[in-house]
Amino acid sequence: MVSNKYGLKRVINASGRMSILGVSTIHDSVVDAMKTGAQQYIEMEQLVHKSGEVVANYLGAEDATIVNSASSGIVLSIAGLIAKDNRYAVEKLYQSVHTLPNEVIMAKGHNVDYGAPVETMVNLAGGKVKEVGYANGCKIEQIEAAITSETVAILYIVSNHCVKKGMPTLAEVKEVATKHSIPLIVDAAAEEDLHHYIENSDLAIFSGSKALEGPTSGIVAGKKEYISYIRAHGKGIGRAMKVGKESIFGLLQALENYKEKTDTSAEQLKQLEKLNVLNELTGVKVTVQQDESGRAIYRGRIHIDGSVTKMNALEVVHMLKNGEVAIYTRDYLANIGSFDIDTRPLQQGDMEMIVERVQAILGGETK
Ligand SMILES: *Cc1c(COP(=O)(O)O)cnc(C)c1O
């Protein structure tokens, strides 16, 4: 194992795909494409254009461009919509943003921290976030009322980190954006239904290393004019977010594989059956949960009744993470008594190890 060469801790990832663990493991064909890409000379400018075309074809978008992460996809989309085709503003972005419209409308419940705050990416582009609504809701009328001549975009975030209740739907936001001719950017970094978000936005942003299981990279796809604004920043702030040729080749291969990806529900459910023995522990109940957004992802939910077990869910999650092998679960509900096991990133033997660890932590008290 390469990781041992540097003394890194072994990790079992039952959390789904998470940037702090290095996101997904990459398929051999993608690694091969990266190797081929890394070992040949090409004209970078041509590669950037051609690869964008290929991605746009795959996704059925007018145009697209590969960037080095979804985060830089946000930065460059905003920078693009501020500077547009103004070459001076591209070169001297930060001197120019004071005199150009630069407001980005976003529901307060969308201004989340996905590992870094969305707002920071907007600011990095010279944009100013104009938050609309409150922590527990945002009406479409409030978004519409916030639009002024200073508005450069509406930014809509699709993420499990976002507030769900009381939020406007993408369809509603799209209608308002279209009515006022304001570009709609959708950050769908981790989503699987790429077409849906391309159809319902002017610019859609995806992470190359999440659902697509490609190398660290990102995609922005949408209106040709806006994509050309984004590309212009390759000679501006985009240079600090340069995407390597090996990543471009890798991502193209990952997209090709993605097209052929099959539904793995049956395998996931079969894996999850192994969790059922945990039902024998006092105060523990295992259920199966389909993904919140209806994707073909099934996770095992382990409910811990902290009033009868030695430890509550938060403590169990903490113990799992801090064992000799670090087991990361999907733990955003741990404070209210449960955590999830996502089977997709698991490797041979991982599920057995998870079961053993939970049994050991909860001390083998059985019903
Ligand atoms: C992960 C994520 C990002 C960032 O993606 P990177 O490719 O790691 O930069 C942005 N937005 C959302 C909603 C995300 O989930």
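Residues numbered from 1 in each chain as written. Predicted model: local features only at pLDDT ≥ 70, side-chain atom pairs only at ≥ 80, totals over all residues. Heavy atoms only, no water.

- Labelled according to an unreviewed UniProt entry, the protein chain appears under the name L-seryl-tRNA selenium transferase, originating from Priestia taiwanensis.
- As its UniProt record puts it under Sequence similarities (unreviewed entry), the protein chain is described as follows: "Belongs to the SelA family."
- Under the UniProt heading Cofactor (unreviewed entry), the entry covering the protein chain gives this text: "pyridoxal 5'-phosphate". (UniProt positions renumbered as here; feature names shortened; annotations may be inferred.)

Brief notes about the overall build of the protein chain
- Per the secondary structure count, the protein chain includes 15 helices and twelve strands.
- Projected onto its principal axes, the C-alpha positions of the protein chain cover 70 × 50 × 35 Å.
- For the protein chain, the accessible surface area stands at approximately 18,200 Å², while carbon and sulfur atoms represent 51% of it.
- Considering the protein chain, the positive charge centre built from 39 side chains and the negative charge centre built from 45 side chains are found 3 Å apart. (Helix = DSSP H or I, 4+ residues; strand = E, 2+ residues; numbered from the N terminus. Areas by Shrake-Rupley, 256 points an atom, 1.4 Å probe, with all protein chains shown as cover. Lys, Arg positive; Asp, Glu negative; His and termini not counted. Charge placed at Lys NZ, Arg CZ, Asp CG, Glu CD.)

Some points on the site of the ligand
- Within the structure, the ligand sits among twelve residues, and Ala70, Ser71, Asp187, Ser207 and Lys210 are positioned closest to it.
- In the model, an oxygen atom of the ligand is placed 2.8 Å from a nitrogen or oxygen of the alanine 70 main chain.
- With respect to the ligand, the side chain of aspartate 187 contributes an N or O atom lying 2.6 Å from a nitrogen atom.
- Here the ligand has 380 Å² of accessible area as a free molecule, and 89% of this is covered by the chains. (Near = heavy atom within 4 Å. Polar contact = N/O pair within 3.5 Å; in protein donor to acceptor, adjacent residues only side chain to side chain.)

A look at the side chain of serine 338
- Secondary-structure assignment places serine 338 in strand β12 (residues 338–342).
- The residues touching serine 338, leaving out its near neighbours within four places in the chain, are Arg301, Ile302, His303, Ala313 and Leu333. (Contact = heavy atoms within 4.5 Å.)

Focus on helix α9 (residues 170–179)
- Looking at α9, one finds that the buried residues are Leu170, Val173, Val176 and Ala177. For α9, the angular spread of the buried residues around the axis is 130 degrees, confining them to a single face. Residues of α9 that are exposed and point more than 90 degrees away from the buried face comprise Ala171, Glu175, Thr178 and Lys179.
- Packed against the buried residues of α9 are α8 (140–146), β5 (151–157), β6 (184–187) and α10 (194–199).
- Remark: serine 181 follows α9 within two positions and exhibits a positive phi of approximately 50 degrees. (Buried < 20%, exposed > 50% of the residue type's maximum accessible area, 1.4 Å probe, protein only. Arc of directions from axis to C-beta.)

Examining the sheet that holds strand β9 (residues 284–290)
- Taken in spatial order, the three strands make up an open sheet running β9-β10-β12, and their pairing is antiparallel. Each having just a single partner strand, β9 and β12 make up the two edges of the open sheet. In this sheet, neighbouring strand axes are inclined to one another by 30 degrees on average, regardless of whether the strands run parallel or antiparallel.
- Helix α13 (residues 265–272) contacts β9, β10 (298–304) and β12 of the sheet and is inclined by roughly 25 degrees relative to β10.
- Along the sheet, helix α14 (residues 313–321) contacts β10 and β12; its crossing angle with β12, the most-contacted strand, is approximately 40 degrees. (Pairing = 2+ DSSP bridges. Axes fitted to C-alpha atoms, helices over the stretch in contact; angles between N-to-C directions.)

As for helix α15 (residues 350–361)
- The end-to-end C-alpha distance of α15 is 16 Å, a good match for the 16 Å that twelve residues give at a rise of 1.5 Å each.
- For α15, every residue scored as buried is listed here: Asp350, Met351, Ile354, Val355, Val358 and Ile361. Buried residues along α15 cover an arc of 140 degrees about the axis, so they all sit on one side. Seen from the open side of α15, the exposed residues pointing more than 90 degrees away from its buried face are Glu356 and Ala360.
- Residues of α15 that are buried sit in contact with β1 (11–14), α13, α14, β11 (326–329) and β12.
- Following α15 by one or two positions, glycine 363 has its phi on the positive side, about 75 degrees. (Expected span 1.5 Å × (residues − 1).)

So, the nonpolar core
- Ile154 and Ile219 are the most contacted members of the largest nonpolar core, which has 42 residues in total.
- Per element, the largest residue contribution to this core is five residues, and it comes from helix α12 (residues 245–259).
- By size, the runner-up hydrophobic cluster in this structure holds 38 residues, among which are Ile78, Ala79, Val97 and Ile205. (Core = buried A, V, L, I, M, F, W, Y, C linked by side-chain atoms within 4.5 Å.)

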